[in-house]
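# Summary of structural features
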Amino acid sequence: MTPKFKAQAGTFESSDIMVLIEPVAEGSGRQVDISSTVMLQFEEDLKVCINQVLDVMEIENVHLIAKDKGALTPTIKARVETAVKRSLGIQEGTL
Amino acid sequence: MAKKKRRSMLYIPGNNPAMIQQAGVYGCDAVLLDLEDAVALNQKDAARILVRSMLETVNFYDTEVCVRVNNLQTPFGLADLEEIVPMQPDNIRFPKTESVQDVKDFMKEVRRIEKKHGITDPKMTIHVMIETAKGVANVYDIAACEPRVDAITIGGQDLTADMGIVKTPDGAGIDYARKRIVMAGKANNLDVLDTVFADINDEEGLKEETEYIKKLGFAGKALINPRQVDPVHEVFNPSENEIRKAYRVYSEFYKNTKAGIGVFAIDGKMIDAPVVQRAITILEYANIDIKDIEKSLD
């Protein structure tokens, strides 16, 4: 699946992560840009976690920007999932 | 096994990861992850995904976990159930319950989702929340209509709004509702939980209100800040004197029962089954197992 809209999820609060998604052309692949307050310690974990969600959701072409404020794995996964669903326009039960 | 205490039930906004991940360390008996009023309308999707993800991973230790979903009449209720029911938290709280039909409709969806996910022996219970005048009027039928309901709770803020009155510190406007809901709950062996005390800086006011609702028969109170946990527990925890008295009552009861005596007296006061039951409740709140008392007397 390929994101259709710009979308974001999360906040800049401590223990949260802001995830922004930009649609890109078919065949462009994934570009994941991460900045984090714990970059030195957890950059690789963040990448793995974000890519796991993108894999499960079968997102191959996307530009994802993540601004992390020390979020735990369940929060990272939830925010990426929310942003992707919003960008696909498949999110139900919200206004 | 002693009945689980529900002295304190702390509301945690469903879209706040920092608070959810720490929910197990606040010291409250239960946390209530809120997808309803504590979440902005345009963040409902984010909150339900976050709560589901947290339920998968976070250790809440021995804190009971309840999730308040949105009412099925809103655009969010069904989507909340689809995410949360498969996770089987300890309980789901159903807000703005007004009738038996509301509970039936809600349970129909819960059971459908459980069946879809192969959950054949669900342990999750339901808390119904009474927040409208119509709900108060129908509360006896609501309390009796579904065996998976194990607690009933009053939502004071919404109830006063529905009644068109202002919630005053003395709680006069919701006093009848509190008493009616307690009776409906007690008649059906349900825990009855009180509404929030909104002023987090007024500890004395919180204690006064907690003293009052304890006298009415409430099992506990909803809280909006971790600072409210200790004052509420202080009120619900029995005093040393009460514990000593309860210990004596139960010890004498046990000894007399073994001797084949049903009713007896302590210091000239008759001790019968209701007094013994009250003593057992106090001992439970003090974390004293009556089996240990029995063993010490055998």
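Since the structure is predicted, the reported quantities are computational estimates derived from the model, not experimental observations. (Residues numbered from 1 in each chain as written. Chains lettered and ligands numbered in written order. Predicted model: local features only at pLDDT ≥ 70, side-chain atom pairs only at ≥ 80, totals over all residues. Heavy atoms only, no water.)

## Concerning the interface of chain B and chain A
Tallying the contact residues gives 22 residues for chain B and 18 residues for chain A. For the pair chain B and chain A, the number of links is 2 salt bridges. Residues B:Arg52 and A:Glu81 are paired through a salt bridge, measuring 2.5 Å at the closest nitrogen-oxygen approach. Run the count over chain B and chain A and you get 7 residue pairs in polar contact (both at pLDDT 80 or more). Elements that contribute at least two residues to the side of chain B that touches chain A include exactly helix H1 (17–21), helix H2 (44–57) and helix H3 (77–84) of chain B. If one sorts the elements of the side of chain B that touches chain A by residue count, H2(B) sits on top with 10 residues. Its residues placed into classes, the side of chain B that touches chain A shows 11 nonpolar, 6 polar and 5 charged. (Contact = heavy atoms within 4.5 Å. Salt bridge = Lys/Arg side-chain N within 4 Å of Asp/Glu carboxyl O. Polar contact = N/O pair within 3.5 Å; in protein donor to acceptor, adjacent residues only side chain to side chain. Helix = DSSP H or I, 4+ residues; strand = E, 2+ residues; numbered from the N terminus. Nonpolar A, V, L, I, M, F, W, Y, C, P; charged D, E, K, R; others polar.)

## A few points about the UniProt feature "binding site: Mg(2+)" (unreviewed entry) in chain B
Residues and elements named next belong to chain B. Mapped onto the present numbering, the UniProt feature "binding site: Mg(2+)" (unreviewed entry) falls on Glu131 and Asp158. Over a stretch of 28 residues, the named residues converge on one spot in the fold, their C-alpha atoms separated by at most 5.4 Å. The residue Glu131 is located in the loop between strand E5 (125–130) and helix H5 (133–137) in this model. Its location among the elements puts Asp158 in helix H7 (residues 156–163). Setting aside anything within four residues of it in sequence, one finds Asp158 in contact with Asp37, Lys96 and Glu131. (UniProt positions renumbered as here; feature names shortened; annotations may be inferred.)

## Notes on helix H1 (residues 39–56) of chain A
All names here are of chain A. Spanning 18 residues, H1 covers 24 Å between terminal C-alpha atoms, matching the ideal 26 Å at 1.5 Å per step. The largest bend in H1 is about 30°, located at Asp45. All of the buried residues in H1 are Leu46, Cys49, Ile50, Val53 and Leu54. Close packing links the buried residues of H1 with strand E2 (17–22), strand E3 (30–36), strand E4 (62–68) and helix H2 (73–88). Phi turns positive one or two residues past the end of H1, at Glu58, with a value near 55°. (Expected span 1.5 Å × (residues − 1). Bend = angle between axes of the 7 residues up to and from the residue. Buried < 20%, exposed > 50% of the residue type's maximum accessible area, 1.4 Å probe, protein only.)

## Here we look at the packing of helix H9 (residues 203–216) of chain B against helix H10 (residues 229–236) of chain B
Residues and elements named next belong to chain B. The geometry of H9 relative to H10 is characterised by a closest axis approach of 9 Å and an angle of 35° between their N-to-C directions. Of the two possible hands of crossing, H9 and H10 adopt the one that is right-handed. On H10, the residues that touch Glu203, Leu206, Lys207, Thr210, Glu211, Ile213 and Lys214 of H9 are Pro231, Val232, Glu234, Val235 and Phe236. Of the residues assigned to the contact of H9 with H10, the class counts are 6 nonpolar, 1 polar and 5 charged. (Axes fitted to C-alpha atoms, helices over the stretch in contact; angles between N-to-C directions. Left-handed = near helix turned anticlockwise from the far one by under 90°.)

## Here we look at unusual backbone geometry
Most peptide bonds adopt trans geometry, and most residues besides glycine take a negative phi value. All names here are of chain B. Not every positive phi belongs to a glycine, and Lys96 is a case in point at roughly 50°. Secondary-structure assignment places Lys96 in the loop between strand E4 (91–94) and helix H4 (100–116). Classification of Lys96 as partly exposed rests on a relative accessible area of 27%. Positive phi, close to 50°, is recorded for Asp267, a residue that is not glycine. As for its placement among the helices and strands, Asp267 is situated in the loop between strand E9 (264–266) and strand E10 (269–271).

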